[in-house]
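What the coordinates show
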Amino acid sequence: MADSPDDRATDADLAGFRAEVRAFLAGYDAQPGTPDLSRLERSRAFLAARYDAGLGALDYPVTDGGRGLDRHFVDVYRMEAAGRTSDDGGSGFGIGLDMCLPTIRDHGSPDLRKRFLGPGLRGDEHWCQLYSEPGAGSDLAGLTTRAVRDGDEWVVTGQKVWTSGAEHADFGILLARTDWDVPKHAGVSMLVLPMRQPGVEVRPLHQMTGTAHFNEVFMDEARIPMDWVVGEPGDGWKMAVALLAHERSSIGKGGGRQPIPTDRLIDLARSNGRSGDPVVRQDLARLATGTRIIEWLNLRAGIHPSITKLWRTSQGRAAADVAAGLAYPGGIAWDGARMGVTEPGRFADPDGSHWAYGICDSRALSLGGGTDEVQKNTLGERVLGLPREPATDRGIPFSQVPKNA
Ligand SMILES: Cc1cc2nc3c(=O)[nH]c(=O)nc-3n(C[C@H](O)[C@H](O)[C@H](O)COP(=O)(O)OP(=O)(O)OC[C@H]3O[C@@H](n4cnc5c(N)ncnc54)[C@H](O)[C@@H]3O)c2cc1C
């Protein structure tokens, strides 16, 4: 089963590991539930138990407190954990676990790794991603939040937007411009911003789902210790791309926002007496096939993360369209008070409110982590080798690039 000389997991190793994972999950699930805790606190408790059981840092180096295991073990864990209904709150820590911490693991200094990996993986600290700005979304390298050195600190001023989970975050992985006299991609640095300080203000943004799961973040002379740079100053674009690859891969593998599950749609068709309708059956069969294809794509080593992300977002939209047809009129009308209690990004119980939630929320799949168009551009340029998009700012110092006022 080895893929390469460095990839030596045997079937016996994996079987032993599978038994270990099953024993942990079964033990955890057997404990009494904690319904009084918030979703985030339930996740935190689960992550702490998982980390303390030695299952929270599988593919992290032993020197960083991890197990040093390869992707086969991670896949085993994922498969065993999939579809569980245990009291783990549905995570809520994905930005740290799936994006920020792997980037710090791969590119952070020993001091940064020591400071952040353990507490983040254990759920003791919550993370957010400070990338997008009002004038820099798809054109992320056009960001204008600035970080300036002042003694042994960076001083940060600017605005971010669409920052998921910032209201809970202890730290944000921040892209800021540290050099304005070089072309746009070369002047960016990745820094770790302590969120709980006077210079950081978080304001919620209300979505059409009735929830407010992302925010505007205003930084006014916020402070960062000088050494809290991931990579070197000016390496930020390389770091940004590395983190985005983790983000897209995680979305493709089923992290974060959830499409409406096909089995719930099958139940809905049955309860509506529509399960014999050949058109409905065809739609459901297509969704079931799509779900299986994503699972198989994810088992392929080295698959480009934009491929799995695109598959998952188109699957999410297709599921929402089928739900809208089957749940009508419940799919387009809801009780506003009930919508507000739905867990962000998760499809919960299928009463009228929740179908509407799932339908509205499905549109976010195509935006978060980079839009579908941007994924297609990436695949065209990096995988198919098509010519790069024309750009008028290439090679020009960022300070001289025309900008909106
Ligand atoms: C649910 C959700 C969660 C998010 N969470 C976070 C977060 O935690 N942190 C964070 O930093 N950001 C977050 N985002 C922001 C997200 O990354 C951006 O919305 C996304 O990158 C698009 O940027 P934009 O909204 O500025 O749209 P724009 O870049 O203005 O794009 C507008 C439209 O133009 C198209 N377009 C733009 N450029 C091109 C091009 N070159 N070729 C073809 N089409 C193009 C886009 O595809 C899109 O359809 C989140 C967004 C959503 C929806």
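Given the structure is predicted, the values throughout are model-derived calculations rather than measurements.

What counts and how
Residues numbered from 1 in each chain as written. Predicted model: local features only at pLDDT ≥ 70, side-chain atom pairs only at ≥ 80, totals over all residues. Heavy atoms only, no water. Domains from an automatic or database assignment. Helix = DSSP H or I, 4+ residues; strand = E, 2+ residues; numbered from the N terminus. Contact = heavy atoms within 4.5 Å. Buried < 20%, exposed > 50% of the residue type's maximum accessible area, 1.4 Å probe, protein only. pLDDT = per-residue confidence, 0-100. Patch = residues over 30% accessible without salt bridge, like charges linked within 9 Å, V, L, I, M, F, W, Y side chains within 5 Å. Areas by Shrake-Rupley, 256 points an atom, 1.4 Å probe, with all protein chains shown as cover. Salt bridge = Lys/Arg side-chain N within 4 Å of Asp/Glu carboxyl O. Near = heavy atom within 4 Å. Polar contact = N/O pair within 3.5 Å; in protein donor to acceptor, adjacent residues only side chain to side chain. Nonpolar A, V, L, I, M, F, W, Y, C, P; charged D, E, K, R; others polar.

Now for the domain arrangement of the chain. Assigned domains of the chain: these are domain 1 (11-90), domain 2 (127-235) and domain 3 (257-370). Measuring from the centre of the C-alpha atoms in domain 2 to the corresponding centre in domain 3 gives 32 Å.

Here we take up the environment of Met195. Its place among the elements puts Met195 in the loop between strand S5 (188-194) and strand S6 (200-205). For the pair Met195 and Ile224, spaced 29 residues apart in sequence, the C-alpha to C-alpha distance is 9.9 Å. Each residue touching Met195, except ones within four places of it in the same chain, is listed here: Cys128, Leu130, Ala166, Ala169, Asp170, Phe171, Gly172, Val200, Val202 and Val217.

Mapped onto the elements of the fold, Lys184 is located in the loop between strand S4 (171-177) and S5. Among the residues examined, Lys184 registers a relative accessible area of 9% and is labelled buried. Sequence-distant contacts of Lys184, defined by excluding residues within four places in its chain, comprise Asp139, Ala141, Gly142, Arg177, Asp393, Ile396 and Phe398.

If pLDDT is low for a region, its predicted coordinates should not be looked at in detail. With 91% of its residues at a pLDDT of at least 70, the chain reaches an overall mean of 89. In the model, residues 1-5 has pLDDT below 50 throughout and makes nine contacts with residues more than four positions away in sequence or in other chains.

Turning next to a nonpolar patch on the surface. A surface patch of nonpolar side chains, about 330 Å² in accessible area, is lined by Met79, Trp296 and Leu299. Look at Trp296 and you get exposed, because its relative accessible area is 54%.

A few words on the site of the ligand. Around the ligand sit 17 residues in total, of which Ser132, Ser138, Trp162, Thr371 and Glu373 are the nearest. Between a nitrogen atom of the ligand and a side-chain N or O atom of Ser164, the distance comes to 2.8 Å. At a separation of 3.0 Å, a nitrogen atom of the ligand approaches a polar side-chain atom of Asn377. Contact with the protein chains hides 68% of the accessible area of the ligand, taken as 970 Å² for the molecule alone. When residues of the shell around the ligand are traced back to their parent elements, those giving at least two are strand S3 (153-164) and helix H12 (372-383). Classifying every residue of the shell around the ligand gives five nonpolar, nine polar and three charged. Residue assignment places the shell around the ligand across two domains, with domain 2 (127-235) and domain 3 (257-370) each supplying three or more.

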